[in-house]
Amino acid sequence: MNAVDTQPMPEAAAEREAVIKVRGLRNQFGRQVVHDNLDLDVWRGEVLGIVGGSGTGKSVLLRTIVGLNRPAAGNIEVLGTDVLNAPESERRKVETRWGVAFQDGALFSSLTVLQNVMAPMREHLKLSNNLMKDLGALKVGLVGLPHFACEKLPSELSGGMRKRAALARALALDPQIVFLDEPTAGLDPIGAAAYDDLIGELQRALGITVFMVTHDLDSLYAICDRIAVLAEKRVLVEGPIETMTDIDHPWVQEYFTGPRARAAQVKGSRRSQ
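Keep in mind that this is a model prediction, so the values were computed, not measured.

(A) Layout of the nonpolar core. Of all hydrophobic cores here, the largest spans 51 residues; its most connected members are Leu167, Leu180, Leu220, Ile227, Val229 and Phe256. Apart from residues no more than four positions distant in its own chain, leucine 220 is found in contact with Gly49, Val51, Thr214, Ile227, Ile241, Tyr255 and Phe256. One finds Val22, Val94, Ile177 and Phe179 within the second-largest nonpolar core, a separate group that totals 28 residues.

Okay, structure coming up:
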């Protein structure tokens, strides 16, 4: 199968609901064009892995969808809202329906873990302080952190605990979509596998949609329902990971058929049994 061939949409896919629709996206910084005429759909309830070589704009795409980067052209619809052109009140409303966990957490360094998790609640909800504390502690426990972590500062946590604390903050408002930017980067293999398992468990239990930027082949094989490959300034190809080895493109072939990919495939098969 050639990467540029157009394939008919499977009947099952045609019936699914796209919670994120990106059309004709162009991201440009000075003379550097990162994305040009990029299209992407993200289906409700799936774990979508965004992959691509260095400089293909994986994190830029995430940041553009959540409003941290204004594109030069294109349309972005999230949960039925045109996030680039909607009134401020509508945009703020839809922002409460997604959560974001950035690389290494991006937690507020002067706040405790519990205060970090409570921050979105203070901004968007009208709740008593005690109720927010209780809900925050619930989220901290939900991501597998011990209760004593609530009173810790980010600097007092290990890298893996910071990532879990960031995930707890991303889940603070019970979002429908969670964006993860390189969630297992810097973790040892055991910690990375545990984080993958956590994401899979939360996705199944809460029914959330996960948009995950990653280079971790183990994560792709372990929890992703579908892969979108960024190359040539666009989404070159998307589909289940099993179909990636059929794509006639040098980077895709090297990435998904190399020794690390074969090892990750074996590991993923064992974990699914």
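(B) Structural context of the sheet that holds strand S8 (residues 209–213). Ordered in space as S6-S7-S8-S3-S9-S10, the six strands form an open sheet in which the pairing is mixed. For this open sheet the edge positions go to strand S6 (98–101) and strand S10 (234–239), each flanked by a neighbour on one side alone. Across the sheet, the axes of successive neighbouring strands diverge by a mean angle of 20 degrees, strand direction being ignored. Strand contacts of helix H2 (residues 58–65): strand S3 (47–52), S6, strand S7 (177–181), S8 and strand S9 (226–231), with the helix running at about 140 degrees to S8, the strand carrying the most contacts. Taken strand by strand, helix H6 (residues 159–170) contacts S6 and S7, and its axis lies near 165 degrees from that of S6.

(C) Structural context of the pairing of strand S2 (residues 32–43). With eight bridges joining them, strand S1 (residues 18–29) and S2 adopt antiparallel strand pairing. Bridge pairing links glutamine 28 to valine 33 in S2. Hairpin connection, S1 to S2: the antiparallel pair is bridged by two residues, and glycine 30 has positive phi, about 65 degrees.

(D) Spotlight on the pattern of salt bridges. In this structure the tally under the stated criterion is nine salt bridges. Salt-bridge contacts for aspartate 36 lead to arginine 26; the nearest nitrogen and oxygen are separated by 2.9 Å. Here aspartate 36, found in strand S2, pairs with arginine 26, found in strand S1; they are ten residues apart in sequence, far enough to count as distant. You can call aspartate 36 partly exposed: its relative accessible area is 35%. Residue arginine 26 is classed as partly exposed on the basis of its relative accessible area of 24%. Of the charged contacts, one joins arginine 92 and glutamate 123 as a salt bridge, the two residues approaching to 3.8 Å between their closest N and O atoms. One end of the pair, arginine 92, is in helix H3 (residues 88–95); the other, glutamate 123, is in helix H4 (residues 113–124), with 31 residues separating them in the sequence. Several salt bridges share partner residues, and in doing so they unite Glu46, Arg226 and Glu238 into one network.

The rules behind each value
- Numbering of residues starts from 1 in each chain and follows the order in which that chain's sequence is written.
- In keeping with the model being predicted, local features are shown solely for residues with a pLDDT of at least 70 and side-chain atom pairs are shown and tallied solely at 80 or more, while totals for entire chains, interfaces and linings include all residues.
- Heavy atoms from the whole structure form the basis of all side-chain values; hydrogens and water molecules are not counted.
- What we call a nonpolar core is a set of buried Ala, Val, Leu, Ile, Met, Phe, Trp, Tyr and Cys residues that are connected through their side-chain atoms within 4.5 Å.
- Under the scheme applied here, a residue whose accessible area is under 20% of the maximum for its type counts as buried, over 50% as exposed, and between as partly exposed, the area being computed with a 1.4 Å probe on protein chains only.
- Any two residues having at least one pair of non-hydrogen atoms within 4.5 Å are treated as being in contact.
- In short, DSSP must find at least two bridges between two strands for them to pair.
- Put simply, DSSP marks the helices as runs of H or I at least four residues long and the strands as runs of E at least two long, and each gets a number from the N terminus on.
- For helices, the fitted axis covers only the stretch in contact; all axes are lines through C-alpha atoms, and the angles between them, taken along N-to-C directions, range from 0 to 180 degrees.
- Put simply, a salt bridge is a Lys or Arg side-chain nitrogen that is within 4 Å of an Asp or Glu carboxyl oxygen.

All quantities given are derived from atomic positions and should not be read as evidence of function.
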